[in-house]
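# Structural features, examined
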Amino acid sequence: MKLWGKPVTLLAVALIVTGCSGSPTEDPSIQAKADAFSAKVKADMKAEADAAAEAKIIKLSFPKDRPLSVFYAADSLSYSLFSSTEANGYRPLVNAELRKHGQILEQRATKADPQALFKVGNVQDVPNSGVDLAILELGTNDMGTADVASRTPIDQFHKDYVALVNNVRRSANVQVICVGAWGGRGQTITDPYDFEIQKICEANGGKYVDLTDIYELKDTFGPKGTATWLGPADNFHPNDKGHRAIADLILERIRLS
């Protein structure tokens, strides 16, 4: 038999006439199964993301019979260098937000030598008990940005940070937030110190806050010479935008109940 001048088999003619492709009939449930699998994958991914976000949060309740005790062990950033006003520093901003929900009693660490930088190993006057929330914002001076020779060796920094966290955790029910060093990322800058801060903090039930993304925006510090409440700004300490961003990151870790 010929079709369009070419020989064809009877089977081929039958397929053409019937419009049959020769493929097996598709299972009508395949699309439904695919949709169900896709929905499950999306649900699992959302659950994992929600769990990861929840793991970064501390749940904090204001005591009914006393103010919330908040302890800061922190360097010059906590003294509002170099925001336009003292109130625009990250520590006053965090305190102001907490006070919207109740009274707080703020306590602050001191340093062993008034002439020395606020390094982790130089912290003293950590309360023995009664602290509800501890915010540890240290590591920048150990990193030695201004003077590499002044850097705290990493093994010593590890010991100092472990000792600090252990001292803070003498308060039985304390919630701990550990803020990383202020500076850019890199093995010769913040990375080794931030690694220790995060590892030690999380191993002790605390929550870590990284500052490198904020710093690397470049418009979160300086410009040098800008008028501030403590004199002309340098080109390193946070400006108002930087302090606000630090405060927001800390507050994101807190859920008040």
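Scroll up for the structure.
Procedures and definitions
Residues numbered from 1 in each chain as written. Predicted model: local features only at pLDDT ≥ 70, side-chain atom pairs only at ≥ 80, totals over all residues. Heavy atoms only, no water. Helix = DSSP H or I, 4+ residues; strand = E, 2+ residues; numbered from the N terminus. Buried < 20%, exposed > 50% of the residue type's maximum accessible area, 1.4 Å probe, protein only. Contact = heavy atoms within 4.5 Å. Areas by Shrake-Rupley, 256 points an atom, 1.4 Å probe, with all protein chains shown as cover. Salt bridge = Lys/Arg side-chain N within 4 Å of Asp/Glu carboxyl O. Core = buried A, V, L, I, M, F, W, Y, C linked by side-chain atoms within 4.5 Å. Expected span 1.5 Å × (residues − 1). Polar contact = N/O pair within 3.5 Å; in protein donor to acceptor, adjacent residues only side chain to side chain. Disulfide = S-S within 2.5 Å. Pairing = 2+ DSSP bridges. Axes fitted to C-alpha atoms, helices over the stretch in contact; angles between N-to-C directions.

### Looking at the overall build of the chain
Looking only at helices and strands, the chain has eight helices and 13 strands in total. Taking all 257 residues of the chain together, the buried fraction comes to 39%. Taking contacts inside the chain between residues at least 6 apart in sequence as the whole, the part at least 24 apart equals 70%. With the model as given, the accessible surface of the chain reaches about 14400 Å², and the carbon-plus-sulfur share is 57%.

### What to know about the environment of Ser150
Here Ser150 is to be found in the loop between helix H4 (140-143) and helix H5 (154-168). Distance from Ser150 to Leu117, taken between C-alpha atoms, is 9.9 Å for residues 33 residues apart in sequence.

### A short note on the pattern of salt bridges
Going through the model one piece at a time under the given rule, you end up with eight salt bridges. Residues Arg66 and Asp132 are paired through a salt bridge, measuring 2.8 Å at the closest nitrogen-oxygen approach. With Arg66 in the loop between strand E3 (58-60) and strand E4 (68-74) and Asp132 in the loop between strand E7 (123-124) and strand E8 (133-137), the pair connects residues that are 66 residues apart, well separated along the chain. With a closest N to O distance of 2.6 Å, Asp219 and Lys241 form a salt bridge. On the criterion of sequence distance, the pair formed by Asp219 in the loop between helix H7 (212-215) and strand E11 (227-228) and Lys241 in helix H8 (residues 240-252) is long-range, its members being 22 residues apart. Look at Asp219 and you get partly exposed, because its relative accessible area is 38%. Each of Arg185, Asp213 and Glu216 takes part in one network of salt bridges that share partners.

### Quick word on the nonpolar core
Counting residues in hydrophobic clusters, the biggest one holds 30 residues, and the most contacted among them are Tyr90, Val94, Leu133, Trp182 and Ile250. For this core, the elements supplying multiple residues, two or more each, are E3, E4, helix H3 (90-99), E8, strand E9 (175-179), H7 and H8. Looking at which element gives the most residues to this core, the answer is H8, with five residues. Judged by nonpolar contacts, the second largest core, of 26 residues, contains Val174, Ala181, Cys201 and Tyr208.

### Structural notes on helix H6 (residues 191-203)
End to end, H6 covers 18 Å across 13 residues, agreeing with the expected 18 Å (1.5 Å per residue, within 8%). Along H6, the residues classified as buried are Pro192, Tyr193, Asp194, Glu196, Ile197, Ile200 and Cys201. Considering only its buried residues, H6 is in contact with H4, H5, E9, strand E10 (207-209) and H7.

### A few points about the side chain of Asp132
By relative accessible area, Asp132 is classed as buried at 11%. Within the structure, the side chain of Asp132 is placed 2.8 Å from the side chain of Arg66, a separation counted as a polar contact. For Asp132, the residues in contact, after removing those within four places along its chain, are Leu60, Pro63, Arg66, Pro67, Leu68, Ser69, Asn173, Val174 and Gln175.

### Some thoughts on the state of the cysteines
The final tally for this structure, using the stated rule, is one disulfide. With a sulfur-sulfur separation of 2.2 Å, Cys178 is cross-linked through a disulfide to Cys201. With the S-S dihedral at roughly 85°, the linkage between Cys178 and Cys201 falls on the right-handed side. One end of the pair, Cys178, is in strand E9; the other, Cys201, is in helix H6, with 23 residues separating them in the sequence.

### Here we look at unusual backbone geometry
Following Leu81, the chain continues into Phe82 via a peptide bond in cis, with omega recorded as -15°. Take Phe82: it is sitting in the loop between E4 and H3. Note that the residue after Gly222, namely Pro223, is joined by a cis bond; omega there is -5°. One non-glycine residue, Asp125, adopts positive backbone phi at about 65°. Within the secondary structure, Asp125 sits in the loop between E7 and E8. For Asp125, a relative accessible area of 52% corresponds to the exposed category. Of note in this structure, Lys218 is not a glycine but carries a positive phi near 75°. Within the fold, Lys218 resides in the loop between H7 and E11.

### Re the sheet that holds E8
Strand order in the open sheet formed by five strands is E5-E4-E8-E9-E10, and the pairing between neighbours is parallel. The outermost strands of the open sheet, each flanked by one partner alone, are strand E5 (104-108) and E10. Put simply, the sheet's adjacent strands are angled 20° from each other on average, direction ignored. In the sheet, E9 pairs with E10 via three bridges, with the strands oriented parallel. Bridging from a neighbouring strand, Cys178 pairs with Tyr208 of E10. Contacting E4, E8 and E9, H5 crosses the sheet at an angle of about 165° to E8.

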